[in-house]
Amino acid sequence: MCRAKLRVPLTALGGPPSFTNGDSKQMYRFVPRSYQSKDDPELGKDLSRELEDVLRYGVEVAQVLVSGHTSGNGMRISECTREQGSALPLAMLEALQAEHGPGMADLLLECCSLEARKRPRFSEIHKRLDAMGHQAIHNAQLYHRTAPSDRVKQPADELLYELFPVKVAEALKAGRLPDPEPFPEISLFFCDICGFTSICSQLSPTEVMDMLHRLYTRFDALAQELQLFKVETIGDSYMCASNIKQLMPSTHAAHMAHFAFRCCSAANAEPVCPSRPELGCIHIRAGIHAGAVMGAVVGTLNRRFCLFGDCVNVSTSVIDYLDA
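Residues numbered from 1 in each chain as written. Predicted model: local features only at pLDDT ≥ 70, side-chain atom pairs only at ≥ 80, totals over all residues. Heavy atoms only, no water.

A.B. asks: Could you clarify how one ought to interpret the packing of helix α1 (residues 45-65) against helix α2 (residues 90-111) in this entry?
C.D. replies: When two helices pack together, you describe them by how their axes are tilted relative to each other and by the distance separating the axes. The contact between α1 and α2 brings their axes to 10 Å, and the two run at 175 degrees. With respect to each other, α1 and α2 are oriented roughly antiparallel. Residues Val54, Leu55, Tyr57, Gly58, Val61, Ala62, Gln63 and Leu65 of α1 pack against Met92, Leu96, Glu99, His100, Met104, Leu108 and Cys111 of α2. Here the residues of the contact of α1 with α2 are counted per class, giving 11 nonpolar, 3 polar and 1 charged. (Axes fitted to C-alpha atoms, helices over the stretch in contact; angles between N-to-C directions. Helix = DSSP H or I, 4+ residues; strand = E, 2+ residues; numbered from the N terminus. Parallel < 35°, antiparallel > 145°, perpendicular 65-115°, else oblique. Contact = heavy atoms within 4.5 Å. Nonpolar A, V, L, I, M, F, W, Y, C, P; charged D, E, K, R; others polar.)

A.B. asks: I tried to follow the packing of aromatic side chains on my own but got confused; where do I start?
C.D. replies: How two aromatic rings sit relative to each other is set out by the distance from centre to centre and by the angle between their planes. Tallied over the entire structure, the rule returns 7 aromatic pairs. Plain terms: the ring middles of tyrosine 216 and tyrosine 238 are 5.4 Å apart, the flat faces sit at 45 degrees to each other, and that makes the pair tilted. One end of the pair, tyrosine 216, is in helix α8 (residues 205-225); the other, tyrosine 238, is in strand β5 (residues 237-242), and 22 residues separate them in sequence. Pair check on accessibility: tyrosine 216 and tyrosine 238 agree, each one buried. The interplanar angle of 65 degrees and the centroid separation of 5.8 Å between the aromatic rings of phenylalanine 229 and phenylalanine 305 together place this pair among those described as edge-to-face. A residue pair is termed long-range when its members are at least 10 positions apart, and phenylalanine 229 in strand β4 (residues 229-234) and phenylalanine 305 in strand β7 (residues 305-308) qualify at 76 residues. What links up through ring pairs into an aromatic cluster is the set Phe183, Phe229 and Phe305. (Phe/Tyr/Trp six-rings, centres within 6.5 Å; stacked < 30°, edge-to-face > 60°. Buried < 20%, exposed > 50% of the residue type's maximum accessible area, 1.4 Å probe, protein only.)

A.B. asks: Just to check I follow, could you spell out the nonpolar core for this structure?
C.D. replies: Grouped burial of nonpolar side chains is what soluble globular proteins tend to show. The biggest cluster of nonpolar side chains holds 28 residues, and the ones touching the most others in it are Phe189, Ile193, Tyr238, Phe259 and Ile284. Element by element, the count of residues in this core is highest for α8, at 8 residues. Each residue touching tyrosine 238, except ones within four places of it in the same chain, is listed here: Phe189, Phe190, Cys191, Tyr216, Phe219, Asp220, Ala223, Lys230, Glu232, Thr233 and Phe259. Of all hydrophobic cores here, the second largest spans 24 residues; its members include Val59, Val61, Leu96 and Leu107. (Core = buried A, V, L, I, M, F, W, Y, C linked by side-chain atoms within 4.5 Å.)

A.B. asks: Would you mind going over unusual backbone geometry with me for this structure?
C.D. replies: Leave glycine aside and you will find that most residues have negative phi; peptide bonds, for their part, are mostly trans. Notably, asparagine 243 is not glycine yet its phi reads approximately 70 degrees, a positive angle. For asparagine 302, which is not glycine, the phi torsion reads 50 degrees and is therefore positive. With respect to the secondary-structure elements, asparagine 302 resides in the loop between β6 (284-297) and β7.

A.B. asks: How should the pattern of salt bridges be read in this particular structure?
C.D. replies: Pairs can form between side chains of opposite charge once their charged atoms are near each other. Tallying each qualifying case throughout the model produces 14 salt bridges. With its nearest N and O atoms 3.2 Å apart, the salt bridge here joins lysine 230 to aspartate 220. With lysine 230 in strand β4 and aspartate 220 in helix α8, this pair connects stretches of sequence that are 10 residues apart. Judged by relative accessible area, lysine 230 falls into the partly exposed class, the value being 32%. By relative accessible area, aspartate 220 is classed as partly exposed at 29%. Residue glutamate 225 pairs with arginine 262 through a salt bridge whose shortest N-O separation is 2.9 Å. Placement of glutamate 225 in helix α8 and of arginine 262 in helix α9 (residues 252-268) is noted, with a sequence separation of 37 residues between them. Overlapping salt bridges bring together Asp210, Arg214, Arg218 and Glu270 as one network. (Salt bridge = Lys/Arg side-chain N within 4 Å of Asp/Glu carboxyl O.)

This is how it looks when you write it as structure tokens:
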């Protein structure tokens, strides 16, 4: 359907003509007036008209592809917030991403851009549709084969696998308490903030939480980049391990050392409080160690995956030594 529409002039799809002033004809346009664009002299009249047709094409195809005409909270699509700089409603964009994948969603988002220069020409649209091949169809079929209840469960499952190693997550999903698991060789990172008690005395609780959020967001991004496992945070302490979720038997120590140096650099670039530059930037103490640990989920309430062993004790005692 999407490609078939490219084979004929879109002005032919605009609906029946209306007659004014005798024999002069004007084609009715489906695009709402608020999203019509005037000819851009710099683009040229023909190109400007083509890009206006691209806008109409994007809106119409998006409406056809999205199953249903309401957002998740029951609002009509026309009443929903529109994506910034686009004629495409945000709810419709999210539905396209879910049903047809990011490729189709991004293409139609570009077609619906309110700025004509940012819209692709029909030749580019056709190439991109060909490049997608059967993937978009596969995405739609997969989406509709998935029960609505399963779609709700997917984010919860993703969170489960983010918080626990695979074996532990599978056991918890099955309703079992996972058995303790030995990890014969890992590297562990442990850090805290220098002068944290003094900092807390100068900031409000909200500002302290904001500082920790900004710092840990940087650490989380580095951990994800280096395929490390974030164990936990306790106040200003951050704990991370390698060779647990992603196996790297010969390089886990090097990855952890690289992570430690980059965390120190990231902390030194993060202000204690953006509104109070006189407090300077954050400084951390970090300790790393390699060895064997035992991993287990302990307790039944607010379950967490914990590591136990001398490796943990040594990495934390390095912090105590630096503080002495």
